[in-house]
Amino acid sequence: MAGPYIVVLGNEKGGTGKSTIAMHLIVSLLKGGATVASIDTDARQGTLTRYIANRTKTAEAHKIVMPVHTPLFCSNNTDTTKARGEDEVQLTKVIENFSSYDYVVIDTPGNNTFLSRMAHSIADTIITPLNDSFIDLDMLIKLESGAIENLRPSVYAEMVWEQKKEKAKRTGGSIDWIVLRNRLGSLFSKNREEMRKILESLAKRVGFRLLSGFCERVIFKELFIKGTTLLDLHETEVAMTLSHVAARQELHELVDALQLPIQKKQQYRERGAAVA
Ligand SMILES: Nc1ncnc2c1ncn2[C@@H]1O[C@H](COP(=O)(O)OP(=O)(O)OP(=O)(O)O)[C@@H](O)[C@H]1O
Ligand SMILES: [Mg+2]
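Each chain has its residues counted from 1, following the order in which its sequence is written. Whichever chain is written first is A, and whichever ligand is written first is 1; the rest continue in order. At least 70 in pLDDT is required for a residue's local features to be given in this predicted model, at least 80 for side-chain atom pairs to be given and counted, and no such filter applies to totals for whole chains, interfaces and linings, which use all residues. Hydrogens and waters are ignored; side-chain quantities use all the structure's heavy atoms.

Describing the site of ligand 1
Definition in use: Any residue with a non-hydrogen atom lying within 4 Å of a molecule or strand is treated as near it. Counting of polar contacts relies on pairs of N or O atoms within 3.5 Å, with two restrictions inside protein: one atom must be capable of donating a hydrogen and the other of accepting it, and residues adjacent in sequence are counted only when both atoms are side-chain atoms. Here the accessible surface of atoms and residues is derived via Shrake-Rupley with a 1.4 Å probe, and residues count as covered only by protein chains that are part of the display.
The immediate surroundings of ligand 1 are formed by 18 residues, with K18, S19, T20, R183 and R217 found nearest. In this structure, an oxygen atom belonging to ligand 1 sits 3.0 Å away from a main-chain N or O atom of T16. Here an oxygen atom of ligand 1 and a backbone polar atom of S19 are 2.9 Å apart. Coverage of ligand 1 by the protein amounts to 85% of the 640 Å² it exposes when considered alone.

Spelled out as structure tokens, the structure:
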């Protein structure tokens, strides 16, 4: 593989699980034996950066895998053209520094910044987590009078298309865009089924692959404080509950479905120990 494989977590809707999923993906890839660097282009909010700082503290007492991490702040130059130039230089330099890594995982903010757009344009895979609500769906696709035939892309979907074109023009490469349903209710509900139908019918037209992520689970809030993930429970001596086992299974299924190049070959070494 020439250069690192770049995975970007993006959605202009805030709080959909980008940083949480970024951390889980990073640990999953590291545990699969890949070398992984991470970039937080949302350093102002800094959730992924704080997640990793919390993890660094936990790593003093427990043997857990760590990525190499860089937070990036958007340029605060008041001249927009200069600010863009500075952002371009800083992102390009960091990616160059990580050229020997297998993967670079980039977290982006829940709003539109130049750094975030640039990150999207260099992605090999974009993962867009989406909560199961029509408000979140509206941030992706505008459904005029609720009819699928009348859909029009939201600014975020247009931005992804733009970056796909940009990448094709620049490198001839493509971007695998994945929309990931997150925080699913564990029980069957009418709303959940309705969302599934709409998203499935939109996937082809809008150009994304639809995957299921995680059910709504309290554990994600607890893990952040320690900087750990569902894959670190054994190392950090947390007793596994049935809910943990189910959540890990969701993660394994998600990582498999991403079809990332290296992890695909290694077929997820850790799986055998998932319920150990
Ligand atoms: N499957 C889930 N179940 C329960 N809580 C979740 C789940 N996924 C994420 N969360 C929680 O949702 C909140 C938002 O998650 P996160 O910070 O990862 O989202 P984000 O998209 O990165 O937000 P932002 O746009 O603000 O950067 C956090 O409190 C996180 O713990
Ligand atoms: Mg975030």
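Quick word on helix α2 (residues 47–58)
In plain terms, the rule: Secondary structure elements follow DSSP: runs of H or I of four or more residues count as helices, runs of E of two or more count as strands, with numbering from the N terminus. What a helix should span is 1.5 Å times the count of its residues minus one. Using a 1.4 Å probe on the protein chains alone, a residue whose accessible area is under 20% of its type maximum counts as buried, one over 50% counts as exposed, and one in between counts as partly exposed. The directions from the helix axis to the C-beta atoms form the arc being described.
Over its 12 residues, α2 runs 17 Å from end to end, which matches the ideal 16 Å to within 8%, given 1.5 Å per residue. Turning to α2, its buried residues are T47, L48, Y51, I52, N54, R55 and T58. An end-on view of α2 places all buried positions within 155 degrees of arc, on one side of the element.

As for the environment of N111
Selection criterion: Contacts are assigned to residue pairs that have any heavy atoms within 4.5 Å of one another.
Position of N111 relative to the elements: it lies in the loop between β4 (103–107) and α4 (114–121). Put simply, N111 and L254 are 143 residues apart on the chain and 25 Å apart in space, counted from C-alpha to C-alpha. Other than its neighbours up to four places away in sequence, N111 contacts E12 and S116.

A closer look at the pairing of strand β1 (residues 5–9)
Our working definition: In this scheme, strands are said to pair when DSSP sees at least two bridges between them.
Counted residue by residue, β1 has 5 buried out of 5 residues, so it is predominantly covered. The two faces of β1 match: Y5, V7 and L9 on one face and I6 and V8 on the other face are all buried. Where β1 and β4 come together, 5 bridges link them in parallel fashion. Within β4, the position partnered with V7 by the bridge is V105. In this structure, β1 lies alongside strand β5 (residues 125–131), joined through 3 bridges in parallel fashion. Residue pairing for β5: L9 is matched across the bridge by I127.

Some points on the sheet that holds strand β2 (residues 36–40)
Filter applied, for reference: Axis lines are fitted to C-alpha atoms, over the contacting stretch for helices. Their N-to-C directions set the angle, which ranges from 0 to 180 degrees.
Pairing is parallel in the open sheet, where 7 strands are placed in the order β3-β2-β4-β1-β5-β8-β9. In the strand order of this sheet, the two ends are held by β3 (68–71) and β9 (209–212), each with one partner. Strand-to-strand twist across the sheet, computed as the mean angle between neighbouring axes with direction ignored, equals 20 degrees. Against the sheet, helix α3 (residues 80–97) contacts β1, β2, β3 and β4, and its axis sits at roughly 165 degrees relative to β2. Across the sheet, helix α6 (residues 155–171) is in contact with β5 and β8 (176–182); its angle to β8 comes to roughly 155 degrees.

As for the environment of P109
The residue P109 is located in the loop between β4 and α4 in this model. C-alpha of P109 to C-alpha of S121: the two residues are 12 residues apart in sequence and 15 Å apart in space. For P109, the residues in contact, after removing those within four places along its chain, are N11, K18, T41, D42 and S116.

Notes on α4
Within α4, 7 of the 8 residues are buried, which leaves the element mostly enclosed by the surrounding structure. All of the buried residues along α4 are L115, S116, R117, M118, A119, H120 and S121. Looking at the packing, one finds that the buried side of α4 touches β1, α3, β4, β5 and α6.

A few points about the confidence of the model for the protein
Short version of the rule: In predicted models, pLDDT denotes the confidence assigned by the predictor to each residue on a 0 to 100 scale.
When the pLDDT values of the protein are averaged, the result is 90; 92% of them are 70 or greater. With pLDDT under 50 throughout, residues 264–276 is counted as low confidence; its partners more than four residues away or in other chains account for 25 contacts.

Concerning the environment of P71
Looking at where P71 falls in the secondary structure, it is placed in strand β3. Discounting residues that sit within four places of it in the chain, P71 has contacts with D40, A43 and T49.

Focus on the side chain of R181
For R181, the position within the fold is in strand β8. Of the polar contacts made by the side chain of R181, one reaches the side chain of D132; its length is 2.8 Å.

Quick look at unusual backbone geometry
The phi torsion at R183 lies on the positive side, around 55 degrees, for a residue other than glycine. Take R183: it is sitting in the loop between β8 and α7 (190–206). Here the phi dihedral of Q259 falls at roughly 55 degrees; this positive angle occurs in a residue that is not glycine. By secondary structure assignment, the location of Q259 is in the loop between α9 (242–258) and α10 (261–266).

Considering the pattern of salt bridges
Operational definition: Salt bridges are counted wherever a side-chain nitrogen of Lys or Arg sits within 4 Å of a carboxyl oxygen of Asp or Glu.
Applying the stated criterion across every chain, the model contains 13 salt bridges. Of the charged contacts in the structure, one is a salt bridge between E235 and K31, with a shortest N-O distance of 2.6 Å. Of this pair, E235 sits in the loop between α8 (219–226) and α9 while K31 sits in helix α1 (residues 18–31); the two residues are 204 residues apart in sequence, bridging distant segments of the chain. Given the relative accessible area of 24%, E235 is considered partly exposed.

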